[in-house]
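So you can see what is in the structure, the chains are spelled out below.
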Amino acid sequence: MSKVDVLKAIEEMPVEAVAAIEQAFGKDEMLNVTPTVIKPFGNEQAIILKVVEENGQRKINVEATDALIILPESKDTLDIYENDGSEVEDD
């Protein structure tokens, strides 16, 4: 396992994240989401990039963590998100 300079990894993260976001959502739709992108490293370390919206402005937060734990994926969909543009109905 080689050591990676954390500042260099943080600097490179936005380029990788934009490519991943575009691949996941498409060029037109990528501006309509506020994604979080995680690049895991060994020893539960990671670089986390989060797009946030504040006062109508979008900005990017990038941070490094030394203790990333990712739980198993659930196949369910959270009711706070719209997948196909339709309204989510309450039961």
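Placed above this text is the structure.
Residues numbered from 1 in each chain as written. Predicted model: local features only at pLDDT ≥ 70, side-chain atom pairs only at ≥ 80, totals over all residues. Heavy atoms only, no water.

Undergrad: Whenever I open this one, the overall build of the protein confuses me. Can you help?
TA: Tallying secondary structure elements over the protein gives 1 helix and 3 strands in all. Ordered by position from the N terminus, the helices and strands of the protein form the series α-β-β-β. Across the 91 residues in the protein, those meeting the buried criterion constitute 16%. The long-range share in the protein, meaning contacts at least 24 apart out of those at least 6 apart in sequence, stands at 30%. As presented, the protein carries roughly 7900 Å² of accessible surface, and 49% of it is formed by carbon and sulfur atoms. (Helix = DSSP H or I, 4+ residues; strand = E, 2+ residues; numbered from the N terminus. Buried < 20%, exposed > 50% of the residue type's maximum accessible area, 1.4 Å probe, protein only. Contact = heavy atoms within 4.5 Å. Areas by Shrake-Rupley, 256 points an atom, 1.4 Å probe, with all protein chains shown as cover.)

Undergrad: I keep staring at the layout of surface pockets and nothing clicks. Help me out?
TA: Unfilled space is identified by rolling a water-sized probe across the atoms. The calculated volume of the second largest pocket comes to roughly 320 Å³. What lines the second largest pocket is a set of 16 residues, among which Ser 2, Val 4, Phe 41, Gly 42 and Gln 45 lie closest to the centre. Among the secondary structure elements, those contributing two or more residues to the lining of the second largest pocket are α1 (6-25), β2 (46-54) and β3 (57-65). Of the residues assigned to the lining of the second largest pocket, the class counts are 8 nonpolar, 5 polar and 3 charged. (1 Å grid on protein atoms, 1.4 Å probe; cavity = no way out; pocket = protein on both sides within 12 Å on 5 of 7 lines; lining within 4 Å. Points joined across faces, edges and corners; volume = space filled by probe spheres on them. Nonpolar A, V, L, I, M, F, W, Y, C, P; charged D, E, K, R; others polar.)

Undergrad: Please clarify how the nonpolar core should be interpreted in this entry.
TA: Here is a general trend for soluble globular proteins: nonpolar side chains tend to be buried in one another's company. With 9 residues, the main nonpolar core is built from Ala 9, Met 13, Ala 17, Ile 21, Met 30, Val 37, Ile 47, Leu 49 and Val 51. At the level of secondary structure, the elements contributing two or more residues to this core comprise α1 and β2. Here the element with the most residues in this core is α1; it accounts for 4 residues. If near-sequence neighbours (up to four positions away) are discounted, Val 37 is found in contact with Met 13, Ala 17, Ile 21, Ile 47, Ile 48 and Leu 49. (Core = buried A, V, L, I, M, F, W, Y, C linked by side-chain atoms within 4.5 Å.)

Undergrad: I'm lost on unusual backbone geometry in this one. Help?
TA: Positive phi outside glycine occurs at Asn 43, with the angle close to 60°. Positionally, Asn 43 belongs in the loop between β1 (36-40) and β2. A positive phi is found at Asn 55, a non-glycine position, where the angle reads about 55°. Along the chain, the position of Asn 55 falls in the loop between β2 and β3. When its relative accessible area of 81% is taken as the criterion, Asn 55 is described as exposed.

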